[in-house]
Amino acid sequence: MNEYIIFVKLLKNKRLVIGRMKLSGIKELNKIGLNGQSWKIIHLEFRKNIRSAEMRENKLKSLTRTRLLEEIRKSNPELLDLKHTIISRNFFEELIY
């Protein structure tokens, strides 16, 4: 069974991008610029299957920008960059469902 990551990126121009990818794709993401300064990941969620990942991604995409930022600020009040937590995945083990 594949595991998936749902993420929200904050671009340099303050645009929010919501996406999903397989956990196995992290190595590719690391190669193309986890250390880049043009964007930061401000929200991460892990899901065990594609259906729950798609449902959560669609739920996040249906929210307005204000409501989405409110949801994100519940877990990341200072909108810190969470790129390093993708690699050290043990922190999110209990959030996988």
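Residues numbered from 1 in each chain as written. Predicted model: local features only at pLDDT ≥ 70, side-chain atom pairs only at ≥ 80, totals over all residues. Heavy atoms only, no water.

**Quick notes on the sheet that holds strand E1 (residues 4-11)**
Pairing is antiparallel across the open sheet formed by 3 strands, whose spatial order is E2-E1-E3. The open sheet terminates on both sides in strands that have one partner only, identified here as strand E2 (16-22) and strand E3 (39-47). Adjacent strand axes in the sheet meet at a mean angle of 20 degrees when their direction is disregarded. Across 8 bridges, E1 lies against E3 in antiparallel orientation. Looking across to E3, one finds that Lys 9 is bridged to Ile 41. (Pairing = 2+ DSSP bridges. Helix = DSSP H or I, 4+ residues; strand = E, 2+ residues; numbered from the N terminus. Axes fitted to C-alpha atoms, helices over the stretch in contact; angles between N-to-C directions.)

**A closer look at the side chain of Asn 76**
As for its position among the elements, Asn 76 is in the loop between helix H3 (65-75) and helix H4 (83-87). Residue Asn 76 is classed as buried on the basis of its relative accessible area of 5%. A polar contact is formed between the side chain of Asn 76 and the backbone oxygen of Leu 80, at a distance of 2.9 Å. Beyond its immediate chain neighbours, meaning those up to four positions away, Asn 76 contacts Ile 42 and Leu 82. (Buried < 20%, exposed > 50% of the residue type's maximum accessible area, 1.4 Å probe, protein only. Polar contact = N/O pair within 3.5 Å; in protein donor to acceptor, adjacent residues only side chain to side chain. Contact = heavy atoms within 4.5 Å.)

**Here we look at the pattern of salt bridges**
Taken as a whole and assessed by the stated rule, the structure comprises 8 salt bridges. In this structure, the salt-bridge partner of Arg 20 is Glu 57, at a minimum N-O distance of 2.6 Å. Taken together, the residues span a long stretch of sequence, with Arg 20 in strand E2 and Glu 57 in helix H2 (residues 50-62) at a distance of 37 residues. Arg 20 sits in the partly exposed class, given a relative accessible area of 34%. Between Glu 71 and Arg 67 there is a salt bridge, with its nearest N and O atoms 2.9 Å apart. With Glu 71 and Arg 67 both in helix H3 and 4 residues apart, this pair spans about one turn of that helix. Of the residues examined, Glu 71 reaches a relative accessible area of 21% and is grouped as partly exposed. Overall, the relative accessible area of 35% leaves Arg 67 in the partly exposed class. One continuous salt-bridge network, built from bridges that share partners, spans Arg 67, Glu 70, Glu 71 and Lys 74. (Salt bridge = Lys/Arg side-chain N within 4 Å of Asp/Glu carboxyl O.)

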